[in-house]
Amino acid sequence: MNLPGLHRIRRSAGARVYEYWYAWRGGPQILSASAANEKALAREVGRLAPAALEAYREKTRKGSDSVTIYGLITRYLDAMAQNQKLADRTKKDRRAHLDTVRTELGNMEVKALESRKARPFLLGWRDKRAATPKTADALLGDLSAVLNWAKDKGEIASNPLQDFPRIYQVDRADVIWQPEHLDLLLKWADPEVAWAVRLAAETGLRKNDLLALPWTAVKDQAIVFQTSKSKKKRSVVIPLTASLREVLAEIPQRAVTILTSSDALPWKAPGNGLDSGVRRARMDALAHAQKVHGADAQTGLEGLRFHDLRGTAATRLVLAGVPIEEVAVILGWEPSRVHEIVRRYVSDEAMAMGLILRFSTGKSLLQPAAK
């Protein structure tokens, strides 16, 4: 019997065998059978199956419960199954998380979400899992997705979990792409992907800002651009270092934006095409390493994210003579974070050479030419 989401458990205890059916993982039990052997159990399951099927249909019928969180999540899961934009893995993980939510919070009434106490209550429920913070945040994040969906459908007035604070924090301040990492990826990357990676490593711009960066932002001495992070209220000024000029000189001007895909069209946020290109380059580099060095070989690219190129840009700007405080302004970071990266990856001698370069020009590298 093929029932979507049905969760079956089979076990043995002593001289008997047991089988249990649940409408979904963590959901209500709809069948309980036991017998002395497998053959007898099959007969017993067959006898109870019609009633279990009817219970399954009742529990999972769309719109059967418009009062509780349990019913709301059930309707969402039905809609999610039809959503072609979500990857299968995302659906699988989200269903597992929401099964847990339905089990523990299913009896909560939807109207309770309107209470000012709803947010602290749900955060407190999450915080009971603080020992596994990543999973705890994922549970609440997927519930928040359900509530956003319900809000859009007019079932609730607002999402009490909107922008909820996470307890899972990853400190990646000291993680950057080092020269050998960049060299390896660029060896296997398509030209358009390579230009994007190099531009990220030279400017420190976030991916979405890189994708939107127009040629008109390139001035004589600097790139001047209003970032999306500041909601276009702040202009970032990035000096045109020698290496940044070199990258820009190689990129053909094929569109309004500096970066384009191989078909000469601007990449659209969130940059899935760029992500796919970086992933292909990683996989090709890994396949080559394993072919040469064996199945257990690695490339050193494991764990590095595109976003970590911002730290690489910090070191390159410092090496070009930009003071740490000005680098912090460019990246929107605290100076202490830039100091930590520089301490780890830039030698005192290299910093001194950068300062000599800056002093020899007689001006700040952050002073752009007039528009």
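Placed above this text is the structure.
Just so it is clear, the model here is predicted, and its values are computed rather than measured.

Visitor: What is the right way to look at the sheet that holds strand E2 (residues 16-22) in this model?
Guide: Hydrogen bonding along the main chain pairs the strands of a sheet, whether they run parallel or antiparallel. The strand order across the open sheet built from three strands is E1-E2-E3, with neighbouring strands paired in antiparallel fashion. At either margin of the open sheet sits one strand with a lone partner, and together these are strand E1 (7-13) and strand E3 (29-35). If you compare each strand with its neighbour and ignore which way they point, the axes differ by 15° on average. Judged from the six bridges that link them, E2 and E3 form a sheet pairing that is antiparallel. Looking at E3, one finds that Trp-21 is bridged to Leu-31.

Visitor: Help me understand the nonpolar core, please; the structure alone is not making it clear to me.
Guide: When a protein is soluble and globular, its nonpolar side chains tend to lie buried together. By size, the foremost hydrophobic cluster in this structure holds 53 residues, and its most contacted members are Leu-199 and Ile-223. For this core, the element with the highest residue contribution is helix H7 (residues 191-203), accounting for eight residues. The residues touching Leu-199, leaving out its near neighbours within four places in the chain, are Gly-204, Leu-210, Leu-213, Leu-244, Val-247, Leu-248, Ile-258 and Leu-259. Of all hydrophobic cores here, the second largest spans 26 residues; its members include Tyr-76, Leu-98, Trp-149 and Phe-164.

Visitor: So what exactly am I meant to see when it comes to the environment of Gln-178 here?
Guide: Considering the arrangement of structural elements, one finds Gln-178 in the loop between helix H5 (133-152) and helix H6 (179-188). For Gln-178 and Thr-315, which are 137 residues apart along the polypeptide, the C-alpha to C-alpha distance reads 9.6 Å.

Visitor: How should I be thinking about empty space enclosed by the protein in this particular structure?
Guide: Which parts of space are left empty comes out when a probe the size of a water molecule is rolled across the atoms. Taken as a whole and judged by the stated rule, the model has two cavities of 30 Å³ or more. Here the largest cavity is characterised by a volume of approximately 50 Å³. As for the largest cavity, its lining consists of Gly-204, Leu-205, Arg-206, Asp-209, Thr-227, Arg-234, Val-236, Arg-310, Ile-330, Leu-331 and Gly-332. Taken together, the residues of the lining of the largest cavity break down into four nonpolar, three polar and four charged.

Visitor: What should I look at first to understand H7 in this one?
Guide: Since the α-helix advances by 3.6 residues per turn, residues separated by three or four positions end up pointing in the same direction. The terminal C-alpha atoms of H7, which comprises 13 residues, lie 18 Å apart, in line with the 18 Å expected from a rise of 1.5 Å per residue. Of all 13 residues in H7, 12 are buried, a share of seventy percent or more. For H7, every residue scored as buried is listed here: Glu-192, Val-193, Ala-194, Trp-195, Ala-196, Val-197, Arg-198, Leu-199, Ala-200, Ala-201, Glu-202 and Thr-203. Following H7 by one or two positions, Gly-204 adopts a phi angle in the positive range, close to 80°.

Visitor: So what exactly am I meant to see when it comes to the packing of H7 against helix H10 (residues 272-293) here?
Guide: Two quantities define a packed helix pair, namely the angle between the axes and the distance from one axis to the other. Where H7 meets H10, the closest approach of the two axes is 9 Å, and the angle between their N-to-C directions is 100°. Viewed along their axes, H7 and H10 adopt a mutual orientation that is roughly perpendicular. Judged by residue contacts, Val-193, Ala-196 and Val-197 of H7 engage Leu-274, Gly-277 and Val-278 from H10. Considered class by class, the residues forming the contact of H7 with H10 number five nonpolar, one polar and no charged.

Visitor: Any chance you could explain the side chain of Thr-315 here in plain terms?
Guide: When you line up the elements, Thr-315 lands in helix H11 (residues 309-319). Polar contacts involving the side chain of Thr-315 include one to the main-chain carbonyl oxygen of Thr-312, which spans 2.6 Å. Each residue touching Thr-315, except ones within four places of it in the same chain, is listed here: Ile-176, Ile-341, Tyr-345 and Val-346.

Visitor: Which parts of the structure should I look at to understand the packing of aromatic side chains?
Guide: Describing an aromatic ring pair means giving the distance of the ring centres and the angle of the ring planes. Applying the stated criterion across every chain yields a total of two aromatic pairs. With a centroid separation of 6.4 Å and 5° between ring planes, the pair formed by Tyr-18 and Tyr-20 is classed as stacked. Owing to a relative accessible area of 19%, Tyr-18 belongs among the buried residues under this scheme. Seen in terms of ring centroids, Tyr-76 and Trp-149 are 5.6 Å apart; in terms of plane orientation they differ by 80°. Their pairing is edge-to-face. Of this pair, Tyr-76 sits in helix H2 (residues 69-81) while Trp-149 is found in helix H5, placing the two residues 73 residues apart along the sequence.

Visitor: Got a minute to help me understand helix H4 (residues 118-127) in this structure?
Guide: Turning to H4, its buried residues are Ala-118, Leu-122, Leu-123, Trp-125 and Arg-126. The arc that holds every buried residue of H4, seen down its axis, measures 155°, which confines them to one face. For H4, the secondary structure elements touched by its buried residues are helix H3 (88-105) and H5.

What counts and what doesn't
Residues numbered from 1 in each chain as written. Predicted model: local features only at pLDDT ≥ 70, side-chain atom pairs only at ≥ 80, totals over all residues. Heavy atoms only, no water. Pairing = 2+ DSSP bridges. Helix = DSSP H or I, 4+ residues; strand = E, 2+ residues; numbered from the N terminus. Axes fitted to C-alpha atoms, helices over the stretch in contact; angles between N-to-C directions. Core = buried A, V, L, I, M, F, W, Y, C linked by side-chain atoms within 4.5 Å. Buried < 20%, exposed > 50% of the residue type's maximum accessible area, 1.4 Å probe, protein only. Contact = heavy atoms within 4.5 Å. 1 Å grid on protein atoms, 1.4 Å probe; cavity = no way out; pocket = protein on both sides within 12 Å on 5 of 7 lines; lining within 4 Å. Points joined across faces, edges and corners; volume = space filled by probe spheres on them. Nonpolar A, V, L, I, M, F, W, Y, C, P; charged D, E, K, R; others polar. Expected span 1.5 Å × (residues − 1). Parallel < 35°, antiparallel > 145°, perpendicular 65-115°, else oblique. Polar contact = N/O pair within 3.5 Å; in protein donor to acceptor, adjacent residues only side chain to side chain. Phe/Tyr/Trp six-rings, centres within 6.5 Å; stacked < 30°, edge-to-face > 60°. Arc of directions from axis to C-beta.

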